[in-house]
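What follows is each chain in one-letter form.
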Amino acid sequence: MRNSGKWSAVRILAAGVLAGGLLTACGQSGDASLLDKEMLVVGVRPDLPGLGLRRPDGRFEGFDIDVAQYVADRLGKQVRFVPALASERITILTSGRADMVLATLSVTPERKTEIAYAGPYYMSNQDVLVRADERGVKGVRDLKGRKFCAVEGADPTKRLLAINGMTAQIVPAKDYDACMAMIKDRRVDAITTNDVILAGLIRREGGGFRLVNARISEQNTGIGLQKGDPDGCEALNRAITRMYQDGTAAKLMHKWFDGTGMDLSIIEIPQFEGCV
C-alpha cells in the first residue's frame, strides 16, 4: 500500500485472502474469549507522545490509542484504557489485568512463550535519535563507543550491539522522558528504539533532535493477548486488515507522525503471525 488513497489492488486482494485464511489457520477455542466481553480492558503506554500518552485529565491519546479504539469498534466492544509501562506489558496480560495490550509491543520468540499476538498491526524500523547539532552522525556506526539511553523492559540495545563491529555504553532509564532529559543535558549521545517512538518524541520537542534513519532492524508491533483465544485473535486480525483496506492506518500514521522526519511514503500491512 502506497500512501493513503493509492491502494494497490494486488495488496488489497492479498490482505483479504490473508484475513480469510486465518479462519482455517486458527482453531476453535474452548476457553473464555475477549469476544464474550462487553468491555475490553486495554493496556497502553502512558509515557510515549504520539503513541500512548496519558494527558493531565487522565485521558489517553496517540496512535496506539486510536488503533485500539478502531479495532474495538469493529468488534462492537467498549474499551477502557489502563497504563502499561515497558516493564509491565507482559505481566498485565498474564495476570489477567488486561484483555489486550497495544503498547509498542514488538513480536519476539521469547514473548510468544508467555502471551499470544494478533496482527502485527504495524511494521516499524529500529532507528536512532540524536541531537540536531550532531552533524557528523550520518549512520549508526558514527556513534560507535558512545552513550545510548536504554529503557528498562525494552530490548533495542540488544539489536544495536548485534551490529557487526558496533560498541556502545548503555545507560539505563525508567522511561523515554528520562532518556530525553539525559540527551538534552548531554549525559547520553543517542536513544535507539522503534522509529515511531522516536518520531513521537521529536514531534513533542518541536525541534533540536533528528532521526538518523539507521534502519537497524524491522520490528513487527502486535496486539498482545492472553493465550488460548484464537477466536479473539481471528477477529482482531480481520479488524486490522480492514483498517489498512479502508485507509485508516495511513490516516493515523500521518495524523501522529507527519513532520518528524519519519518516512511515511510506504505504509504496508504487515504479514500476520497467525493465531495459535
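Our structure is the block above this text.
These lines cover the structure that appears in this document, whether it is placed above or below. (Residues numbered from 1 in each chain as written. Predicted model: local features only at pLDDT ≥ 70, side-chain atom pairs only at ≥ 80, totals over all residues. Heavy atoms only, no water.)

### Comments concerning the pattern of salt bridges
Tallying each qualifying case throughout the model produces 18 salt bridges. The salt bridge involving D133 is made with R186; its shortest N-O contact spans 2.5 Å. Of this pair, D133 sits in the loop between β7 (116-131) and β8 (147-151) while R186 sits in the loop between α6 (176-184) and β10 (190-194); the two residues are 53 residues apart in sequence, bridging distant segments of the chain. For R186, a relative accessible area of 48% translates into the label partly exposed. One connected set of salt bridges, linked through shared partners, spans R131, D133, E134, R146, R186 and D189. (Salt bridge = Lys/Arg side-chain N within 4 Å of Asp/Glu carboxyl O. Helix = DSSP H or I, 4+ residues; strand = E, 2+ residues; numbered from the N terminus. Buried < 20%, exposed > 50% of the residue type's maximum accessible area, 1.4 Å probe, protein only.)

### Remarks on the packing of aromatic side chains
If you walk through the whole model with that rule in mind, you get four aromatic pairs. Ring centres of F60 and F81 lie 6.3 Å apart, and the angle between their planes is 55 degrees; on these two criteria the pair is classed as tilted. Here the residue F60 occupies a position in strand β4 (residues 60-61), and F81 occupies one in strand β5 (residues 78-83), the gap between them amounting to 21 residues. F81 shares its class with F60; the two are buried. Taking 6.0 Å as the distance between ring centres and 70 degrees as the angle between the ring planes, the aromatic pair formed by F63 and Y122 counts as edge-to-face. With F63 in helix α2 (residues 63-74) and Y122 in strand β7, this pair connects stretches of sequence that are 59 residues apart. For F63, a relative accessible area of 3% gives the class buried. Of the residues examined, Y122 reaches a relative accessible area of 9% and is grouped as buried. Members of the aromatic cluster, joined through ring pairs, are F63, Y121, Y122 and F257. (Phe/Tyr/Trp six-rings, centres within 6.5 Å; stacked < 30°, edge-to-face > 60°.)

### Concerning unusual backbone geometry
With omega at 10 degrees, the peptide bond leading from G119 into P120 counts as cis. In this structure, P120 sits in strand β7. A positive phi angle is found at T104, which is not glycine, with a value near 50 degrees. On the secondary structure map, T104 appears in the loop between β6 (100-102) and α4 (109-112). Despite not being glycine, N213 has its phi angle at roughly 60 degrees, a positive value.

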